[in-house]
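Listed here are the chains, written in short residue letters.
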Amino acid sequence: MAVERTFSIIKPDATRRNITGKIIDRLEGAGLRVVAQKRKWLTRGEAEGFYAVHRERTFFNDLVAFMTSGPVVVQVLEGEDAIAKNREVMGATNPENADAGTIRKDFAESIEANSVHGSDGPDTAKTEIAYFFAETEIVG
């Protein structure tokens, strides 16, 4: 197993309900360390750029509108197999399909308002981290 970094977003539905601490507690409880973190309100341009891979999908405009509807917490997480561990703690994208005890099962309001985002692989993690953080902002 290797120590790696992954990217995480605590989405507007979770910040609105003031459950960021509960989510971070789950992540840390799974052995992930927060090595960088910012609370910010995404601009439309930032959200469109971040989710550009989905630009042609029917849900793109709704996703951008949702992600700019309130503040988010962007984070870099570090730990053994951090990408897989984060995805396991988050649970399935659709909270109805998520395992009991996962963030999405316990906190999501819907498939869109599912409280968290996490990188799906090493290349994505590297790109997503660089989108929001300079290397000097990551303190391991």
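Here is a short report on the structure shown in this document.

What counts and how
- Positions within a chain are numbered from 1, following the residues in the order the chain's sequence is written.
- The predicted nature of this model means local features are confined to residues of pLDDT at least 70 and side-chain atom pairs, given and counted, to a pLDDT of 80 or more, with totals for whole chains, interfaces and linings taken over all residues.
- In computing side-chain properties, one takes all heavy atoms of the structure into account and sets aside hydrogens as well as water.
- Helix and strand labels come from DSSP, where a helix needs a run of H or I of at least four residues and a strand needs a run of E of at least two; each type is numbered from the N terminus.
- The atom set for the radius of gyration is the C-alpha atoms, and the globule formula is 2.2 Å times the number of residues raised to the power 0.38.
- The term salt bridge refers to a side-chain nitrogen of Lys or Arg lying within 4 Å of a carboxyl oxygen of Asp or Glu.
- Relative accessibility thresholds used throughout: buried, under 20% of the residue-type maximum; exposed, over 50%; partly exposed, between the two (1.4 Å probe, protein chains only).
- If DSSP finds at least two bridges between two strands, the strands pair.
- A fitted line through C-alpha atoms represents every axis, and for helices the fit uses only the stretch in contact; the resulting angles, taken between N-to-C directions, go from 0 to 180 degrees.

Quick notes on the overall build of the protein
At step 1: Counting secondary structure elements, the protein contains 7 helices and 4 strands.
At step 2: Going from the N terminus to the C terminus, the protein shows its helices and strands as β-α-α-β-α-α-β-α-α-β-α.
At step 3: In terms of overall dimensions, the protein is globule-like: its C-alpha atoms have a radius of gyration of 14 Å, near the 14 Å expected for 140 residues.
At step 4: Seen along its three principal axes, the alpha-carbon backbone of the protein occupies a region of about 40 × 35 × 25 Å.

Digging into unusual backbone geometry
At step 1: The phi torsion at N18 lies on the positive side, around 60°, for a residue other than glycine.
At step 2: Within the fold, N18 resides in the loop between α1 (12–16) and α2 (20–29).
At step 3: Positive phi is not limited to glycine here, since D81 has a value of about 45°.
At step 4: By secondary structure assignment, the location of D81 is in the loop between β3 (72–80) and α5 (82–90).

Considerations on the pattern of salt bridges
At step 1: Within this structure, the stated rule accounts for 10 salt bridges.
At step 2: R17 is the partner of D13 in a salt bridge, and the nearest nitrogen-oxygen pair spans 3.0 Å.
At step 3: D13 gets classed as buried once you look at its relative accessible area, which sits at 1%.
At step 4: According to the relative accessible area criterion, R17 is partly exposed, its value standing at 28%.
At step 5: One salt bridge in this structure joins E109 and R16, with 2.7 Å as the shortest N-O distance. Residue E109 is located in the loop between α6 (103–107) and β4 (116–118), and its partner R16 is located in helix α1; the two are separated by 93 residues in the primary sequence.
At step 6: With a relative accessible area of 44%, E109 lands in the partly exposed category.
At step 7: Of the residues examined, R16 reaches a relative accessible area of 56% and is grouped as exposed.
At step 8: Salt bridges sharing partners connect three or more residues here, namely R5, R33, E78 and E135.

Side note on the sheet that holds strand β2 (residues 33–40)
At step 1: The strand order across the open sheet built from 4 strands is β2-β3-β1-β4, with neighbouring strands paired in antiparallel fashion. Looking at which strands have only one partner, the edges of the open sheet turn out to be β2 and β4. Put simply, the sheet's adjacent strands are angled 20° from each other on average, direction ignored.
At step 2: The pairing of β2 with β3 spans 7 bridges and is antiparallel. Among the inter-strand pairings, K40 is bridged to a residue of β3, identified as V72.

Here we look at the environment of R26
At step 1: The topology assignment puts R26 in helix α2.
At step 2: Take R26: its relative accessible area is 28%, and that puts it in the partly exposed class.
At step 3: A sequence separation of 60 residues divides R26 from N86, and the C-alpha atoms of the two residues are 9.6 Å apart.

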